[in-house]
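Commentary on secondary and tertiary structure
Here is what each chain is made of, one letter per residue.
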Amino acid sequence: MTKKDKLYGREIIFSGIPIEGFYRYKDIFQLLPPEDEFPKMYMANHHSMIIELCFDKPKTEYEAISENCIKQPIDDDLMEMHYRNVNSRNIQKLLSLFTNYYFFDYSNFYQAWFSEFNGDRFSQKSIWGQQSYTVPSFNKKIKKLSEFKFEAKSNEIKKQKDLNKYYNQLSAGSRGMPFEFPFNIDVLFDEYSLLNGKKKEAFDSACILFYYGFDLLTVKKSLSLASFISSIETLIEYEYSDDPVTYKCDTCKSIEASPKKCPNCNEPFWGVRAKFREFLSRYGNSSKEFEKYASNFYTIRSKILHRGQLLLADKDINHWAYDARHESMTESLKVTYFMKATRICLINWLIKNNEKEKL
């Protein structure tokens, strides 16, 4: 596409800790720190930043305005806003997978009762409001990506060269830790841009499920774990889609022939758990210990979804009791570790044909 077929825009998005520096990926998008007039609160875990992006100019779309389906073009400004938001959210999801941080915006129009917080105490008066972040001077329409106000290279977001250290640090994303990206983040976006067809559909779905898991991590740990495992299963479905499985019966799906056979009775089976272990071994860690680790989490996931056996953190129990509190914290830590393992597997799957060294 020519430059005439491109549009530029910017949005305000958030992360759990304040951004330090700027990041630009080619002429496609860039992240910038908040400007001086942006509202800020150190204690918050919703820290604003600016994302500027370039996206394809949308084709004219139409809507029906009567029962006779008379159509008229949708307003250009409305279409531009929609495409800008869609592209921004896609980048947020990819950044949340490629880095250690959760990127998000307020596009869900959440409404509730609020008590104003002035920094050290809550107001005694409740008001009805909508989750929003307003900067009157902020213009979402731009003609090109802004030139950096920072000339020194040191003002870019810092990059971590040790990928194992970066992706495995448990305290990543915590206040007090440096805001940094992996050194190969440009490569990850390059690899994503090469995806197409069903392969892209599979990765996009896996990325969305990972994002949901990240979003639910602190509030609904059972569903968070299920989302992480489902993101892996999405890629497994694509990876093993050509496996020649023959069914004896199309109704009950009893298997006649399959590449997977039971080591004890030699009967064919579909091997969901086996494929899960193979996938994590191929793209995560090939050790026997990690295989047991993966199998254990698959068992937990099955108990959650098929038996309703939720993690302790999601149950209404006495969390003041030491044993319950300790077990709940241990479970929470395990889910966080599995999130990191999932991220590594998804990234390794993305770059398997281009990056020789895995994480």
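As a reminder, the structure under discussion sits directly above these lines.
None of these values were measured; they are calculated from a predicted model.

1. Remarks on the overall build of the protein chain
- Along the backbone of the protein chain there are 8 helices and 14 strands.
- For the protein chain, buried positions account for 40% of its 359 residues.
- Of the roughly 21,500 Å² of accessible surface on the protein chain, a fraction of 51% belongs to carbon and sulfur atoms.

2. A look at the nonpolar core
- Counting 77 residues, the largest nonpolar core has Phe29, Leu31 and Phe181 as the members making the most contacts within it.
- Tallying contributions element by element places helix H8 (residues 322-350) first for this core, with 10 residues.
- Discounting chain neighbours no more than four positions away, the residues touching Phe181 are Tyr23, Leu31, Leu95, Thr99, Tyr101, Phe103, Ile157, Lys158, Lys159, Gln160 and Tyr166.

3. Quick look at the side chain of Arg10
- If you trace the backbone, Arg10 turns up in strand E1 (residues 6-15).
- Overall, the relative accessible area of 11% leaves Arg10 in the buried class.
- If near-sequence neighbours (up to four positions away) are discounted, Arg10 is found in contact with Glu35, Ile50, Ile51, Glu52, Leu53, Arg84, Phe138, Asn139, Lys140 and Ile142.

4. Examining the packing of aromatic side chains
- On inspection of all chains with the given rule, the structure shows 28 aromatic pairs.
- A centroid spacing of 5.2 Å and a plane angle of 85° characterise the contact between Phe14 and Tyr133, whose relative ring orientation is edge-to-face. Placement of Phe14 in strand E1 and of Tyr133 in the loop between strand E9 (122-130) and strand E10 (141-142) is noted, with a sequence separation of 119 residues between them.
- Site record: aromatic cluster; members linked through ring pairs are Phe14, Phe38, Tyr102, Phe104, Tyr106, Tyr133, Phe138, Phe210, Tyr211, Phe214 and Phe228.
- Sitting above the plane of the Tyr211 ring, Lys93 keeps its charged end 5.2 Å from the centroid.
- The ring of Trp349 carries Lys199 above its face, with NZ or CZ at 5.8 Å from the centroid.

5. A few points about the packing of helix H6 (residues 272-283) against helix H7 (residues 288-307)
- Where H6 meets H7, the axes come as close as 9 Å, and the angle between the chain directions of the two elements is 135°. One element, H6, and the other, H7, form an angle in the oblique class. In the crossing of H6 with H7, the sense of the turn from one axis to the other is right-handed. Only Phe290, Glu291, Ala294, Ser295, Tyr298 and Thr299 of H7 make contact with H6, whose side of the interface consists of Val272, Arg273, Phe276, Arg277 and Leu280.
- Across the contact of H6 with H7, the residue classes tally to 6 nonpolar, 2 polar and 3 charged.

6. Observations regarding helix H1 (residues 76-98)
- Along its 23 residues, H1 runs 33 Å from first to last C-alpha, staying within 8% of the 33 Å computed at 1.5 Å per residue.
- Every buried residue of H1 is accounted for by Met79, Glu80, Arg84, Ser88, Ile91, Gln92, Lys93, Leu94, Leu95, Ser96, Leu97 and Phe98.

7. Side note on the pattern of salt bridges
- For the coordinates displayed, the defined rule picks out 11 salt bridges.
- With a closest N to O distance of 2.8 Å, Asp204 and Lys200 form a salt bridge. Here Asp204 pairs with Lys200, and both are found in helix H4 (residues 197-216), just 4 residues apart, close to one helical turn.
- For Lys200, a relative accessible area of 27% translates into the label partly exposed.
- Through salt bridges with shared partners, a single ionic network connects Glu11, Arg84 and Lys140.

8. Observations concerning the packing of H1 against helix H3 (residues 185-194)
- At a minimum axis separation of 11 Å, H1 and H3 run at an interaxial angle of 130°. Judged by the inter-axis angle, H1 sits oblique to H3. H3 is crossed by H1, and the crossing has right-handed handedness. Residues Asn90, Leu94, Leu95 and Phe98 of H1 form the contact with H3, whose participating residues are Ile185, Leu188, Phe189 and Tyr192.
- When its residues are assigned to classes, the contact of H1 with H3 shows 7 nonpolar, 1 polar and no charged.

9. Quick word on the pairing of strand E3 (residues 29-32)
- Both faces of E3 are covered, namely the face carrying Phe29 and Leu31 and the face carrying Gln30 and Leu32.
- Direction of pairing for strand E2 (residues 23-25) relative to E3: antiparallel, over a ladder of 3 bridges. By the bridge assignment for E3, Tyr25 is matched with Phe29.
- Connecting E2 to the next strand, E3, in antiparallel fashion are 3 residues, including Lys26 with a positive phi near 50°.
- The pairing of E3 with strand E4 (residues 47-56) spans 4 bridges and is antiparallel. Note that in E4 the partner of Gln30 across the bridge is Glu52.

Parameters and conventions
- Residues numbered from 1 in each chain as written.
- Predicted model: local features only at pLDDT ≥ 70, side-chain atom pairs only at ≥ 80, totals over all residues.
- Heavy atoms only, no water.
- Helix = DSSP H or I, 4+ residues; strand = E, 2+ residues; numbered from the N terminus.
- Buried < 20%, exposed > 50% of the residue type's maximum accessible area, 1.4 Å probe, protein only.
- Areas by Shrake-Rupley, 256 points an atom, 1.4 Å probe, with all protein chains shown as cover.
- Core = buried A, V, L, I, M, F, W, Y, C linked by side-chain atoms within 4.5 Å.
- Contact = heavy atoms within 4.5 Å.
- Phe/Tyr/Trp six-rings, centres within 6.5 Å; stacked < 30°, edge-to-face > 60°.
- Lys NZ or Arg CZ within 6 Å of the ring centre and 35° of its normal.
- Axes fitted to C-alpha atoms, helices over the stretch in contact; angles between N-to-C directions.
- Parallel < 35°, antiparallel > 145°, perpendicular 65-115°, else oblique.
- Left-handed = near helix turned anticlockwise from the far one by under 90°.
- Nonpolar A, V, L, I, M, F, W, Y, C, P; charged D, E, K, R; others polar.
- Expected span 1.5 Å × (residues − 1).
- Salt bridge = Lys/Arg side-chain N within 4 Å of Asp/Glu carboxyl O.
- Pairing = 2+ DSSP bridges.

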